Amino acid sequence: MKINLAVLFGGKSVEHEVSVISAVQAMTSINKEKYNIIPVYMTKQNEFWTGEKLFDINSYKNIPEMLKECTACVFVRSEGKVQLIRQKMKKFGSNHISDVDIAFPIVHGTNVEDGALQGYLQTLDIPYVGCDVLASAVGMDKFVMKILLKDAGFPVLDCCRFSSFEIDKIEECADKVEKKFGYPVIVKPINLGSSVGISKANDRDSLIKSMENAFDFSDRILVEPAVVNLKEINCSVVGDSESAEASVCEEPIQASNEGILSYTQKYGGGGGKTGAKGMASLTRKIPAEITPEQDEFIRKTAVEAFRYLGCNGVTRIDFMIDMNTDKIYINEINTIPGSLAFYLWQPKGLKYPELLEKLIQLSLKRYRMGEKINYSFDTNILASGGSFGAKGSKGSKM
Ligand SMILES: Nc1ncnc2c1ncn2[C@@H]1O[C@H](COP(=O)(O)OP(=O)(O)O)[C@@H](O)[C@H]1O
Ligand SMILES: [Mg+2]
């Protein structure tokens, strides 16, 4: 019997479309002899839909039309398993769409990649591919990630963090940045991806504009020194905390936009049938043009950071080399990278279907390990007849 695998994608995120591309690519490559793939598309309004149309990238050109041929659905846990059922219940006949054995979130960005969707799947008690709630949340928060990595001795750039409550005192925030770093600096929303809301500031005016712009996308932003003579190197890591492996390194090539790799550069290129190809279409050098020592350092550091942050599945860890000083910094970790970084594994001889299978197996390993942990006690203390008044019981933990 085939294993029912639900692929979840889309969602209320600025990287919604990128997720659709990554998911359709993956669904094309998952082994269909072994898995019955159930596409579950989350709209920008967080409605869940399923249907055959969702396999075809061309359907997404007109989403309202596409959804007319799909079924609104919800996950429920019932009869000891997770099931996908019709959201608009029919009075007669079955509302059951499919049982679901494993969930595969292929989502990018806030609200989905940041532990929110992972928490939902955890609550359903279903094995799911990729990082768990905490690693996903840390991976999405550029500030928390920096603090954790810095604490463990990983090389990261220092930064100033501001919250939107400080927007009235933006001049004071700018003073702080000038005092700490001078110019140029990079301003970023803390919890987005795909370069959305990121800009470079060379003077006070542009700093204030950049900060205001970043606040349009997030209520928390960070400012860090800009690496002026920058070489960006990305490396994918696959595995779990017990054992992980690094891919080859890539060097994404950027054009204009003051040295910031833009959303359109990352995803707008390419074409063919899909109209866009996700991260796989970006101009890049594989392997990256770096020294063997740099290559070794980056690959080793990537694996160590992955394991330290408790990641699972496939990630892409992005580095910055300051070509003036030869210093190498971890820039960020993408817990669900665009195109699931499959193109970084192909040069190592790992075909995309094999990579996907590996990720699914890792999710099952974590689920099995979780089953050995005691999450609740069999005794119901509420059944013991004691009086648990509104005040709780003083002196105990209640
Ligand atoms: N400190 C920096 N110095 C120079 N360029 C930077 C710096 N931080 C980010 N960038 C540029 O901005 C791009 C996007 O920043 P990044 O932190 O990777 O955010 P995202 O999650 O949106 O990809 C990077 O790929 C790089 O081109
Ligand atoms: Mg990035």
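(A) Spatial organisation of the overall build of the chain. Scanning the chain from terminus to terminus reveals 10 helices and 16 strands. Taking the contacts inside the chain whose residues are at least 6 apart along the sequence as the reference set, 66% of them involve residues at least 24 apart. Carbon and sulfur atoms provide 53% of the accessible area of the chain, an area that totals close to 19,300 Å².

(B) Representation of the packing of aromatic side chains within the structure. Inspection of the entire model under this criterion finds nine aromatic pairs. Note on tyrosine 41 and tyrosine 60: the rings are 5.5 Å apart at their centroids and 80° apart in plane angle, and the pair reads as edge-to-face. Taken together, the residues tyrosine 41 in strand β2 (residues 35-42) and tyrosine 60 in the loop between β3 (48-50) and α2 (63-68) connect sequence positions 19 residues apart. For the pair tyrosine 41 and tyrosine 60, a shared accessibility class is recorded, and that class is buried. With 5.9 Å between their ring centres and 80° between their planes, phenylalanine 342 and tyrosine 343 make a pair best called edge-to-face. In this structure, phenylalanine 342 and tyrosine 343 share a single accessibility class: buried. Here a set of aromatic residues connected by ring pairs shows up, and it is made of Phe9, Tyr41 and Tyr60. Lying over the aromatic face of tyrosine 128, arginine 366 brings its terminal NZ or CZ to 4.6 Å of the ring centre.

(C) Looking closely at helix α7 (residues 204-215). Under the 1.5 Å per step criterion, the end-to-end length of α7 is 17 Å for 12 residues, consistent within 8% with the ideal 16 Å. Taken together, the buried positions of α7 are Leu207, Ile208, Ser210, Met211, Ala214 and Phe215. Taken around the axis of α7, the buried residues stretch over an arc of 165°, which confines them to a single face. Structural note: α7 exposes Asp205 and Lys209 on the side pointing more than 90 degrees away from its buried face. Where α7 is buried, its residues touch β8 (160-163), α6 (170-180), β9 (185-189), β10 (199-201) and β11 (220-225).

(D) Main features of the sheet that holds β9. On the basis of which strands lie adjacent, the open sheet formed by four strands has the order β8-β11-β9-β10 and antiparallel pairing. At either end of the open sheet lies a strand with only one pairing partner, and these are β8 and β10. For this sheet, the mean angle separating the axes of adjacent strands, direction not counted, is 25°. Together, β8, β9 and β11 form the strand contacts of α6, whose direction differs from that of β8 by roughly 175°.

(E) Representation of the state of the cysteines in the model. Going through the model one piece at a time under the given rule, you end up with zero disulfides. Left without a disulfide partner, cysteine 131 is nearest to the cysteine sulfur of cysteine 311, which lies 4.0 Å away. The exposure class assigned to cysteine 131 is buried, which follows from its relative accessible area of 3%. The thiol of cysteine 235 is unpaired, and the distance to the nearest cysteine sulfur, on cysteine 249, comes to 4.3 Å.

(F) Region of the structure containing a nonpolar patch on the surface. On the surface, a nonpolar cluster with roughly 230 Å² of combined accessible area is contributed by Val144, Leu148 and Tyr308. Looking at the element boundaries, valine 144 is found in helix α5 (residues 142-151).

(G) Local environment of the packing of α6 against α7. Put simply, α6 and α7 touch, their axes get as near as 10 Å, and they point 120° apart. In this view, α6 runs oblique relative to α7, as classed from their interaxial angle. The element α6 and its partner α7 pack so that their crossing is right-handed. Along the contact surface, α6 presents Ile170, Glu171, Cys173, Ala174, Asp175, Val177 and Glu178, while α7 presents Arg204, Leu207, Ile208, Met211 and Glu212. Here the contact of α6 with α7 is composed, by residue class, of seven nonpolar, no polar and five charged.

(H) How the structure looks around the packing of helix α4 (residues 133-140) against α5. Packing of α4 against α5 brings their axes to within 5 Å, and their N-to-C directions diverge by 105°. Put simply, α4 runs roughly perpendicular to α5. Packed against α4, whose contacting residues are Val138, Gly139 and Met140, the element α5 presents Lys142, Val144, Met145 and Leu148 at the interface. Residues belonging to the contact of α4 with α5 are distributed by class as follows: five nonpolar, one polar and one charged.

(I) Quick peek at the pairing of strand β1 (residues 3-10). The buried count for β1 comes to seven of eight residues, which makes it a mostly enclosed element. Across eight bridges, the pairing between β1 and β2 is parallel. In the strand pairing of β2, alanine 6 is matched with isoleucine 38. Between the parallel elements β1 and β2, the chain passes through helix α1 (residues 16-29) in a crossover that is right-handed.

Cut-offs applied
- Residues numbered from 1 in each chain as written.
- Chains lettered and ligands numbered in written order.
- Predicted model: local features only at pLDDT ≥ 70, side-chain atom pairs only at ≥ 80, totals over all residues.
- Heavy atoms only, no water.
- Helix = DSSP H or I, 4+ residues; strand = E, 2+ residues; numbered from the N terminus.
- Contact = heavy atoms within 4.5 Å.
- Areas by Shrake-Rupley, 256 points an atom, 1.4 Å probe, with all protein chains shown as cover.
- Phe/Tyr/Trp six-rings, centres within 6.5 Å; stacked < 30°, edge-to-face > 60°.
- Buried < 20%, exposed > 50% of the residue type's maximum accessible area, 1.4 Å probe, protein only.
- Lys NZ or Arg CZ within 6 Å of the ring centre and 35° of its normal.
- Expected span 1.5 Å × (residues − 1).
- Arc of directions from axis to C-beta.
- Pairing = 2+ DSSP bridges.
- Axes fitted to C-alpha atoms, helices over the stretch in contact; angles between N-to-C directions.
- Disulfide = S-S within 2.5 Å.
- Patch = residues over 30% accessible without salt bridge, like charges linked within 9 Å, V, L, I, M, F, W, Y side chains within 5 Å.
- Salt bridge = Lys/Arg side-chain N within 4 Å of Asp/Glu carboxyl O.
- Parallel < 35°, antiparallel > 145°, perpendicular 65-115°, else oblique.
- Left-handed = near helix turned anticlockwise from the far one by under 90°.
- Nonpolar A, V, L, I, M, F, W, Y, C, P; charged D, E, K, R; others polar.
- Right-handed = clockwise from strand over helix to strand, strands pointing away.

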